[in-house]
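# Inside the fold
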Amino acid sequence: MLICDKLVLQQDDFRLTADVTFGAGKITALIGPSGAGKSTLLAALAGFLAPAAGRVLWQETEITALPPGARPVSAIFQDNNLFAHLSIAQNVGLGLRPALHLGAAERAEVDRALASVGLAGLGARKPAALSGGQQSRAALARVLLADRPVVLLDEPFAALGPGLKDDMLDLVQATLGAAGRTVLMVTHDPGDARRIADAACLVADGTVSAPVATQAFFDAPSAALAAYLG
Ligand SMILES: Nc1ncnc2c1ncn2[C@@H]1O[C@H](COP(=O)(O)OP(=O)(O)OP(=O)(O)O)[C@@H](O)[C@H]1O
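Only a predicted model underlies this, so the values are computations on that prediction, with no experimental measurement involved.

### Section: helix H3 (residues 104-116)
Here H3 contains 13 residues, and its C-alpha end-to-end distance of 18 Å stays within 8% of the 18 Å for a straight helix at 1.5 Å per residue. Within H3, the full set of buried residues consists of Val110, Ala113 and Leu114. For H3, the buried positions fall inside an angular range of 100° around the axis, keeping them on one side. Turned more than 90 degrees from where H3 packs its buried face, Ala104, Ala105 and Ala108 sit exposed. Elements in contact with the buried residues of H3: helix H2 (88-93) and helix H4 (132-146). Two residues or fewer past H3, Gly118 is found with a positive phi of approximately 80°.

### What to know about the domain arrangement of the protein chain
Under the domain assignment used here, the protein chain contains domain 1 (1-72 + 153-229) and domain 2 (83-147). When each unit is reduced to the centre of its C-alpha atoms, the spacing between domain 1 and domain 2 is 25 Å. Each residue belonging to the side of domain 1 that touches domain 2 can be placed in one class, and the counts come to eight nonpolar, one polar and no charged.

### Focus on the site of the ligand
Near the ligand the following residues occur: Gln11, Asp12, Phe14, Gly32, Ser34, Gly35, Ala36, Gly37, Lys38, Ser39 and Thr40. It is helix H1 (residues 38-46) that provides the largest number of residues to the shell around the ligand, a total of three residues. Its residues placed into classes, the shell around the ligand shows two nonpolar, seven polar and two charged.

Cut-offs applied
Residues numbered from 1 in each chain as written. Predicted model: local features only at pLDDT ≥ 70, side-chain atom pairs only at ≥ 80, totals over all residues. Helix = DSSP H or I, 4+ residues; strand = E, 2+ residues; numbered from the N terminus. Expected span 1.5 Å × (residues − 1). Buried ≥ 20, exposed ≤ 12 C-beta atoms within 10 Å, placed from the backbone. Arc of directions from axis to C-beta. Contact = placed C-beta atoms within 7 Å. Domains from an automatic or database assignment. Nonpolar A, V, L, I, M, F, W, Y, C, P; charged D, E, K, R; others polar. Near = placed C-beta within 6 Å.

This is the structure:
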């Protein structure tokens, strides 16, 4: 389980509290109005923002003070965080080791990861020579290879058209979901949550609400969710 224990996050006059548990091996969608704090929560879980109070625990071990690289966490953000000057294979290889000097066995692992997201044979290209959807696939391959149990997705597919976005969501489920990763996925689209999330949770009014099974979340919306969905 990923636990936010009485977590308080503060950015200037913005304050977010989270006292919630995310199920291990589940895909949980984070939904809520713009500016509600979804990215702030992911930044804290990734280790980029120190909490003002409270603790973060993964499988009963406290990780609140660990730097990003030492956490059991990897992330994909909206721009896919690919390095423009590196090839796709090198970008994906960063998931294995930051130094980039990969041996033959590691290069084979990179090739396997690229093939698993439908990018076989494209490893030598630079990110600019891939479509937006292919770049998203490369970012997913890097996360697969990084092999961290918790994966944070901050709207990485928002810029893709509806068909491509659904393909990526299905790929997330078939790869990260099937591998038992614990996925937190920020989205503005209830359809994304209904498509692949086991649970959904509302971030609104300064609070992260407890995750609820996705169907019940939408079928019996809280007043705050109903207000957001309109
Ligand atoms: N570096 C920062 N310094 C000060 N305030 C910040 C900083 N980053 C974000 N905020 C504020 O924190 C609040 C939450 O922002 P956040 O980006 O987490 O919201 P969000 O729910 O992810 O929004 P969106 O759906 O629009 O991406 C906002 O009021 C924002 O202005």
